[in-house]
Amino acid sequence: AAQTMEQLVSLCKRRGFIFPGSAIYGGLQGTYDYGPLGVELKNNLKLAWWRANVWEREDMEGIDAAILMNKLTWRYSGHEETFVDPMVDCKSCKMRWRADQIAGKCPNCASTELTEPRPFNLMFKTQVGPVPDPESFSYLRPETAQGIFVNFKHVLDSTSRKLPFGVAQIGKAFRNEITPRNFIFRVREFEQMEVEFFVKPGEDEAWHQKWVEDRINWWISVGLSRENLVPYHQKPDELAHYAKATVDLLYRFPHGLEELEGIANRTDYDLGSHSKDQGSLGLKARVSPNGHSTEKLTYFDPETKQHVVPFVIEPSAGVDRGVLAVLSEAYAEEQVKPAPAERLKPVEEALGAFLKSVGRNEKLPVEAKNALLAEGERIAGALGERLASMTGLLSMPGAESIEVAKKLRGQVDPVVDEFYRTVLHFKPRLAPIKVAVLPLKKNHPGIVGVAKGIRRQLQSSGSMRVVYDDTGAIGKLYRRQDEIGTPFCVTVDFDTLGDGESASSKDTVTVRHRDSMTQERVAISELEAYLREKMA
Ligand code: ATP
């Protein structure tokens, strides 16, 4: 797994997983853009969630609701009043912070002179329609859940579902976080994967427990290890106003043990809050009187012949935090073979020179300087094992401005390429690219023709993303595919054409496995079935 966030940030930028948002204009804090590989990874994660939570269950429907909703939604959901974080200002450097995240001390200048915390509402307000009338506004949704609650009757009436059943949704949510940080962990625009699972009152606690187990198992199925997942039962004073019980699934991210998903028992609060004639519903939750809703969000129980307001169990996961967790868990820097001391020595010396020049560089911002020095020292401390991170070190902000970095790079890269690799051990299902087809010689018409044909044939199966790559020598190509987590490389060589030493290898290719780095010879005619089976 990744040891530091910098390793991931650097790999993500270098290989096109995730970029800082609007970078050419100096960026926009709390926003990130998913690049060519990031979008594949994120889509694969969302698809895995949708499969497990919608297709493979018999008690679930999906929806995709609008991001903009009537602003009354946010009044009755309680967000206008209570969706706030406590904000403080540092009296000394004027930075703003979330009071509950900084333990009484300004993280920027270490001053303890802070203002009293005051509530800050996290919803983004936006004008709706062309007339700037003070009433024509709404909010960008801060959670996807409300889109499900307001559609409860529509889904029920159009599907004739019986309790218990759930509604699933994946979509964007927006929060004007006071201090976005830790890469894509806390951002202002993100995606959620949420289920609202409706159950009979009284059955809620058992279902809550079951969902916690289901969700842990799902995260394991996409590659997270059980040891890095910690269920945390919120204490009564930590619970949101609507919740009877909440279990946070914490994950050991590179920056610490933090929430990946929340699984809440929201009682009958939500459906009750959004209903008319609340007095007639026998609600358990305390809700504000609703003078606007036109519906009673109830379920007619055919057995008892009574209308009930279902309780809601809500597993709510962040897609971006999921992507971060999966990346972090999959990341590894591995030694491929031992590097002899005489090859390491020049690198060690060059690293020393690099660190000295960073220390002397006046133009480098203090933050970048400290990060570079810390990372450099970490590598220097254990050069043998940690050499692979040097590639990351050299692409850290500020590093490229230094002449010495370029020289260092020239010395590091060949050693890293030969003795180390960075690899993403994704589950094949999540890998952005499933198969890379590589020609042993990029100018050989026979080899190229067969390789391109294999790419087309595999791609047309429709079940996997397949690329053709001829941008380097074969060893280099394997490393590049390892680094982006491609589980299989298919190499076409002279044996494939029947021109090699062994005539029996005609019409076969080499399949090279990412994790074990072992290779097998497989007949082209059996390739698709072979890969499909390994991918399942
Ligand atoms: P936190 O305490 O970390 O602010 P939360 O408890 O407010 O999170 P929920 O309201 O429970 O979060 O939202 C459900 C999920 O949505 C979270 O578990 C997380 O994965 C994701 N999420 C919430 N806020 C953000 C954010 N600012 N950036 C990225 N993901 C987020």
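Computed from a prediction, not measured in an experiment: that's the story for all the values here.

Participant: Would you mind showing me how to read the environment of Glu261 here?
Facilitator: The topology assignment puts Glu261 in strand S13 (residues 256-267). Judged by relative accessible area, Glu261 falls into the buried class, the value being 1%. Separated by 13 residues in the primary sequence, Glu261 and Asp248 place their C-alpha atoms 5.9 Å from one another. When sequence neighbours within four positions are dropped, the list of residues in contact with Glu261 reads Arg215, Trp219, Val247, Asp248, Leu249, Pro315, Ser316 and Ala317. In this structure the side chain of Glu261 is engaged in a polar contact, spanning 2.8 Å, whose partner is the side chain of Arg215. Within the structure, Glu261 has its side chain in polar contact with the side chain of Trp219 (distance 2.8 Å).

Participant: Quick question: what am I supposed to make of the domain arrangement of the protein chain here?
Facilitator: For interface size, the figure often reported is the accessible area lost on association. Its domain assignment divides the protein chain into domain 1 (5-62 + 132-328), domain 2 (336-424) and domain 3 (433-535). Contact between domain 1 and domain 3 buries roughly 600 Å² in total, counting both sides, with carbon and sulfur atoms accounting for 44%. Taken as a group, Arg15, Leu37 and Glu40 account for 64% of the area that domain 1 buries against domain 3, more than any other trio of residues on that side. Counting across the domain 1 and domain 3 interface gives three salt bridges. In this structure, Glu40 and Arg465 form a salt bridge, with 3.2 Å as the shortest nitrogen-oxygen distance. Viewed at the interface, domain 3 and domain 1 are joined by four residue pairs in polar contact (both at pLDDT 80 or more). For the side of domain 1 that touches domain 3, the elements supplying multiple residues, two or more each, are helix H1 (5-15) and helix H2 (36-55).

Participant: Looking at this model, I keep getting lost on the packing of H2 against helix H7 (residues 204-221). Mind explaining?
Facilitator: When two helices pack together, their arrangement is given by the angle between the helix axes and by the axis-to-axis distance. At their nearest, the axes of H2 and H7 sit 12 Å apart, and the two run at 140° to each other. It follows from the interaxial angle that H2 and H7 lie oblique. When you trace H2 past H7, the crossing you get is right-handed. For the pair H2 and H7, contact is made by Leu45, Ala48, Trp49, Ala52 and Asn53 and by Trp211, Arg215 and Trp218, respectively. A per-class count over the contact of H2 with H7 returns six nonpolar, one polar and one charged.

Participant: I would appreciate a short explanation of the pattern of salt bridges in the present structure.
Facilitator: Between side chains of opposite charge, a pair can form as their charged atoms come close. Under the counting rule described, the total for this entry stands at 35 salt bridges. For Asp214, the salt bridge identified is with Arg57, shortest N-O distance 3.3 Å. Taken together, the residues Asp214 in helix H7 and Arg57 in the loop between H2 and strand S3 (60-62) connect sequence positions 157 residues apart. The salt bridge involving Lys210 is made with Asp214; its shortest N-O contact spans 3.4 Å. Separated by four residues within a single helix, Lys210 and Asp214 lie in helix H7, roughly one turn from each other. Residue Lys210 is classed as partly exposed on the basis of its relative accessible area of 39%.

Participant: Can you help me understand unusual backbone geometry in this one?
Facilitator: Glycine aside, residues mostly have negative phi angles, and peptide bonds mostly take the trans form. In this structure, Pro164 follows Leu163 across a cis peptide bond, with omega equal to -5°. Mapped onto the fold, Pro164 is located in the loop between helix H6 (152-159) and strand S9 (165-174). At Ser160, a position not held by glycine, the phi torsion is positive, near 55°. Mapped onto the fold, Ser160 is located in the loop between H6 and S9. By relative accessible area, Ser160 is classed as exposed at 54%. Look at Asp507: it is not a glycine, yet its phi comes out positive at around 65°. Within the element layout of this structure, Asp507 appears in the loop between helix H17 (494-497) and strand S22 (508-513).

Participant: Quick question: what am I supposed to make of the sheet that holds strand S4 (residues 84-89) here?
Facilitator: Pairing between sheet strands relies on hydrogen bonds along the backbone, with the strands arranged either parallel or antiparallel. With antiparallel pairing, three strands are arranged side by side in an open sheet as S5-S4-S6. Strands at the two margins of the open sheet, each flanked by one partner only, are strand S5 (96-98) and strand S6 (118-121). Strand-to-strand twist of the sheet, defined as the mean angle between neighbouring strand axes without regard to direction, takes the value 50°. The pairing of S4 with S6 spans four bridges and is antiparallel.

Scoring rules and cut-offs
Residues numbered from 1 in each chain as written. Predicted model: local features only at pLDDT ≥ 70, side-chain atom pairs only at ≥ 80, totals over all residues. Heavy atoms only, no water. Helix = DSSP H or I, 4+ residues; strand = E, 2+ residues; numbered from the N terminus. Buried < 20%, exposed > 50% of the residue type's maximum accessible area, 1.4 Å probe, protein only. Contact = heavy atoms within 4.5 Å. Polar contact = N/O pair within 3.5 Å; in protein donor to acceptor, adjacent residues only side chain to side chain. Domains from an automatic or database assignment. Buried area = accessible area lost by both parts, 1.4 Å probe. Salt bridge = Lys/Arg side-chain N within 4 Å of Asp/Glu carboxyl O. Axes fitted to C-alpha atoms, helices over the stretch in contact; angles between N-to-C directions. Parallel < 35°, antiparallel > 145°, perpendicular 65-115°, else oblique. Left-handed = near helix turned anticlockwise from the far one by under 90°. Nonpolar A, V, L, I, M, F, W, Y, C, P; charged D, E, K, R; others polar. Pairing = 2+ DSSP bridges.

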